[in-house]
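A structural walkthrough
Read off the chains here:
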Amino acid sequence: QVQLVESGGGLVQAGGSLRLSCAASGGTFRTYAMGWFRQAPGKEREFVATISWSGVDTDYANSVKGRFTISRDNAKNTVYLRMNSLKPEDTAVYYCAADTRHYSGSDTPWRYDYWGQGTQVTVAS
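Notes on the structure follow.

Calculation rules
- Residues numbered from 1 in each chain as written.
- Predicted model: local features only at pLDDT ≥ 70, side-chain atom pairs only at ≥ 80, totals over all residues.
- Heavy atoms only, no water.
- Buried < 20%, exposed > 50% of the residue type's maximum accessible area, 1.4 Å probe, protein only.
- Helix = DSSP H or I, 4+ residues; strand = E, 2+ residues; numbered from the N terminus.
- Pairing = 2+ DSSP bridges.
- Salt bridge = Lys/Arg side-chain N within 4 Å of Asp/Glu carboxyl O.

Okay, the pairing of strand S1 (residues 3-7) next. Here S1 shows a buried face lined by Leu-4 and Glu-6 and an unburied face lined by Gln-3, Val-5 and Ser-7. As defined by bridge partners, S1 adjoins strand S3 (residues 18-25) across five bridges and the pair is classed as antiparallel. Looking at S3, one finds that Ser-7 is bridged to Ser-21.

Structure (structure tokens):
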């Protein structure tokens with residue numbers, strides 16, 4: 001069993017920055033891929049970013065490419081999402097997810113077998 005706890009969400013002005021953290025416990029963190037997804041009110045959950053077990057390979061949704069950076073610290077069992085140049089349309093609940101069956105990440109939610117409880121990010125215009 002893997003437990004994921006997100007933190008770092010909050011209210012920020014457009015153009016501002018936030019860094020989300022996701023601490024994992026249980027399992028062997030350094031052996032599996034991680035991802036970030038988000039869900040805005042009335043919308044489906046959507047892919048944001050993913051990172052491979054080693055941190056070498058990353059992938060981003062087109063809507064956040066160049067503004068968001070995913071990273072991980074396997075010594076701390078933590079994955080991060082640095083969000084710069086935030087826009088009101090980035091407002092959502094952000095979830096981290098673990099794909100314990102693969103080394104490389106995916107943009108497909110069903111690949112992920114563990115999810116955090118989510119952290120709210122609100123970007124004011």
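What follows covers the pattern of salt bridges. If you walk through the whole model with that rule in mind, you get five salt bridges. The partner of Arg-111 in a salt bridge is Asp-99, with the nearest N and O atoms 2.8 Å apart. With a gap of twelve residues between them, Arg-111 in the loop between strand S9 (92-99) and strand S10 (114-115) and Asp-99 in strand S9 connect regions that are remote in the sequence. We note that Arg-111, like Asp-99, is buried. Of the charged contacts in the structure, one is a salt bridge between Arg-101 and Asp-113, with a shortest N-O distance of 3.8 Å. Linking Arg-101 in the loop between S9 and S10 with Asp-113 in the loop between S9 and S10, this pair joins segments that are twelve residues apart in sequence.

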